[in-house]
Amino acid sequence: MELEVSNLTKEYHKGIKALDSFSFTFTEGIYGLLGPNGAGKSTLMNLLSDNLEADSGEILFDGRGIKELGKEYRRVLGYMPQQQGLYPGFTLERFLYYMAALKGLDKKKAGEQIPKLMKLVNLQEAAGKKLGAFSGGMKQRALIAQALLGEPQIIILDEPTAGLDPKERIRIRNLISEISFHRIVIIATHVVPDIEFIAKEVILLKNGVMEACEAPAALCAEMTGKVFEVCCQETEWENVCENRVVSNLTKQGNQVCVRLLSEEKPDFPDVREAAPSLEDVYLYYFDEEAAYGAVVSGI
Ligand SMILES: Nc1ncnc2c1ncn2[C@@H]1O[C@H](COP(=O)(O)OP(=O)(O)OP(=O)(O)O)[C@@H](O)[C@H]1O
Ligand SMILES: [Mg+2]
């Protein structure tokens, strides 16, 4: 199974490319899409789910254009949009039956799948409740459930865990991992730990351009020797942080411990190299402007 994207470009306003010549081939497994606000993640997802027209480029599913496939493509696709456009007057159950009908699922299949999906997202108790009365996290879960209708081969989830409490987030992360076998799953998120351990590859997107794409472990390995922890006196920490990208700052007793990114080992007495995490990778690629000097002088 292959979803092949070539030279996909989208401009909403002339001269500003929300997505710029994006090319990539997705195969079975989970892909994490990371990037700051406005990077083009949702634009890419809207294009992949055929909800938006590209200016140029093409998307092929197993060698055939998704436009040509039309309904056939929609049948293998599950898409959870970022915006919570739900019908407030619908009960959860009615909403899922409605979405199943739109997807072309027959009543029997819908009847089999819907109760299971409600259970999967932990909403079985809310089957008869109106969506308008759902909390933000419940709406997210309802949207995840509809994306899984029809046992799709391609699942596109735009910030699936936004607004979920930690317990639900972990549950949904495990669920995504479980359903990913023999499927293409693409997840956009700002919650880096959500994909750190489940993604086969992470795509870093900035200004509509792919900056990197590798396995999380490989991205972290590239940062070896660039992440340090410095422990210093309270009076020293601003010096330590100055002009550096700081990924964490904690007070431990009388000391302040700073986790920072640096091309060279910082020249402080109590400094040690740390194992890079995907969050460090994110900061390295996207937060050069957040070097601490800039943050402090901006206060
Ligand atoms: N419907 C639209 N009309 C005009 N411009 C748009 C539209 N949708 C997105 N854009 C612009 O395209 C760029 C990419 O937006 P997109 O929503 O794809 O980013 P994103 O990575 O999903 O961001 P976020 O993390 O905030 O969800 C941004 O500059 C945004 O302002
Ligand atoms: Mg988005």
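Residues numbered from 1 in each chain as written. Chains lettered and ligands numbered in written order. Predicted model: local features only at pLDDT ≥ 70, side-chain atom pairs only at ≥ 80, totals over all residues. Heavy atoms only, no water.

Peer 1: What's the story with the overall build of the protein in this structure? I'm lost.
Peer 2: Assigned secondary structure in the protein consists of twelve helices and 14 strands. Dimensions of the protein, computed from C-alpha atoms along their principal axes, come out at roughly 70 × 45 × 35 Å. Counting contacts in the protein only where the partners sit at least 6 residues apart, residues at least 24 apart contribute 69% of the total. Here the protein displays about 14600 Å² of accessible surface, and carbon together with sulfur accounts for 49% of that area. Positive and negative charge centroids in the protein, built from 33 and 43 side chains respectively, lie 11 Å apart. (Helix = DSSP H or I, 4+ residues; strand = E, 2+ residues; numbered from the N terminus. Contact = heavy atoms within 4.5 Å. Areas by Shrake-Rupley, 256 points an atom, 1.4 Å probe, with all protein chains shown as cover. Lys, Arg positive; Asp, Glu negative; His and termini not counted. Charge placed at Lys NZ, Arg CZ, Asp CG, Glu CD.)

Peer 1: Looking at this model, I keep getting lost on the sheet that holds strand 12 (residues 245–252). Mind explaining?
Peer 2: Whenever strands of a sheet pair, they do so through backbone hydrogen bonds, lying parallel or antiparallel. With respect to topology, four strands assemble into an open sheet ordered 12-13-11-14, the strand pairing being antiparallel. Each edge of the sheet is formed by a strand with only one pairing partner; in this case those strands are strand 12 and strand 14 (271–273). Across the sheet, the mean angle from the axis of one strand to that of its neighbour is 20°, orientation sign disregarded. Taken together, the three bridges between strand 11 (residues 227–233) and strand 14 define a ladder with antiparallel strand orientation. Within the sheet, the bridge partner assigned to Glu229 lies in strand 14 and is Arg272. (Pairing = 2+ DSSP bridges. Axes fitted to C-alpha atoms, helices over the stretch in contact; angles between N-to-C directions.)

Peer 1: Could you clarify how one ought to interpret the site of ligand 1 in this entry?
Peer 2: Not every one of the 14 residues close to ligand 1 is listed here, only the nearest: Asn37, Gly38, Lys41, Ser42 and Thr43. For ligand 1, an oxygen atom lies 2.9 Å from a polar atom in the backbone of Gly40. At 2.9 Å, a side-chain N or O of His190 approaches an oxygen atom of ligand 1. Across the complex, the protein chains shield 62% of the 640 Å² of accessible surface that ligand 1 would expose by itself. Those elements giving two or more residues to the shell around ligand 1 turn out to be strand 1 (3–13) and helix 1 (41–48). (Near = heavy atom within 4 Å. Polar contact = N/O pair within 3.5 Å; in protein donor to acceptor, adjacent residues only side chain to side chain.)

Peer 1: Is there a simple way to think about the state of the cysteines in this case?
Peer 2: When the sulfur atoms of two cysteines share a covalent bond, that bond is a disulfide. Enumeration over the complete set of coordinates arrives at one disulfide. Sulfur of Cys213: no disulfide; nearest cysteine sulfur belongs to Cys220 and is 14 Å away. Note on Cys241: no disulfide assigned, nearest cysteine sulfur contributed by Cys232 at a separation of 7.3 Å. (Disulfide = S-S within 2.5 Å.)

Peer 1: How should I be thinking about the coordination of the magnesium ion (ligand 2) in this particular structure?
Peer 2: Ideal geometry at a metal gives 109.5 degrees between four tetrahedral donors and either 90 or 180 degrees between six octahedral ones. For the magnesium ion (ligand 2), the full set of protein donor atoms is Ser42 (OG) and Gln82 (OE1), at a range of 2.0 to 2.1 Å. With Ser42 in helix 1 and Gln82 in the loop between strand 6 (77–80) and helix 4 (92–102), this pair connects stretches of sequence that are 40 residues apart. (Donors = N, O, S within 2.8 Å, 3.2 Å for Na, K, Ca; no water.)

Peer 1: Would you mind showing me how to read the packing of aromatic side chains here?
Peer 2: Between two aromatic rings, the relevant description is the distance of the centres plus the angle of the planes. Inspection of every chain in the model, using the stated rule, returns eleven aromatic pairs. Geometrically, the ring pair formed by Tyr87 and Tyr98 is edge-to-face, given 5.4 Å between the ring centres and 85° between the ring planes. Remark: Tyr98 occurs in helix 4 and Tyr87 occurs in the loop between strand 6 and helix 4; sequence separation between them is eleven residues. Here Tyr87 falls in the partly exposed class, since its relative accessible area comes to 35%. (Phe/Tyr/Trp six-rings, centres within 6.5 Å; stacked < 30°, edge-to-face > 60°. Buried < 20%, exposed > 50% of the residue type's maximum accessible area, 1.4 Å probe, protein only.)

Peer 1: Is there a simple way to explain the domain arrangement of the protein in this structure?
Peer 2: For an interface, size is often stated in terms of accessible area lost upon the parts coming together. For the protein, the assigned domains read domain 1 (3–215) and domain 2 (221–298). When each unit is reduced to the centre of its C-alpha atoms, the spacing between domain 1 and domain 2 is 35 Å. If you look at the interface, domain 1 gives 14 residues, while domain 2 gives nine residues. Taken over both partners, the interface formed by domain 1 and domain 2 buries close to 950 Å², and the fraction arising from carbon and sulfur atoms is 68%. The largest share of the area that domain 1 buries against domain 2 comes from Val192, Leu204 and Lys206, three residues that together contribute 41% of it. At the boundary of domain 1 with domain 2, the tally comes to zero salt bridges. At the boundary of domain 1 with domain 2, the tally comes to two residue pairs in polar contact (both at pLDDT 80 or more). (Domains from an automatic or database assignment. Buried area = accessible area lost by both parts, 1.4 Å probe. Salt bridge = Lys/Arg side-chain N within 4 Å of Asp/Glu carboxyl O.)

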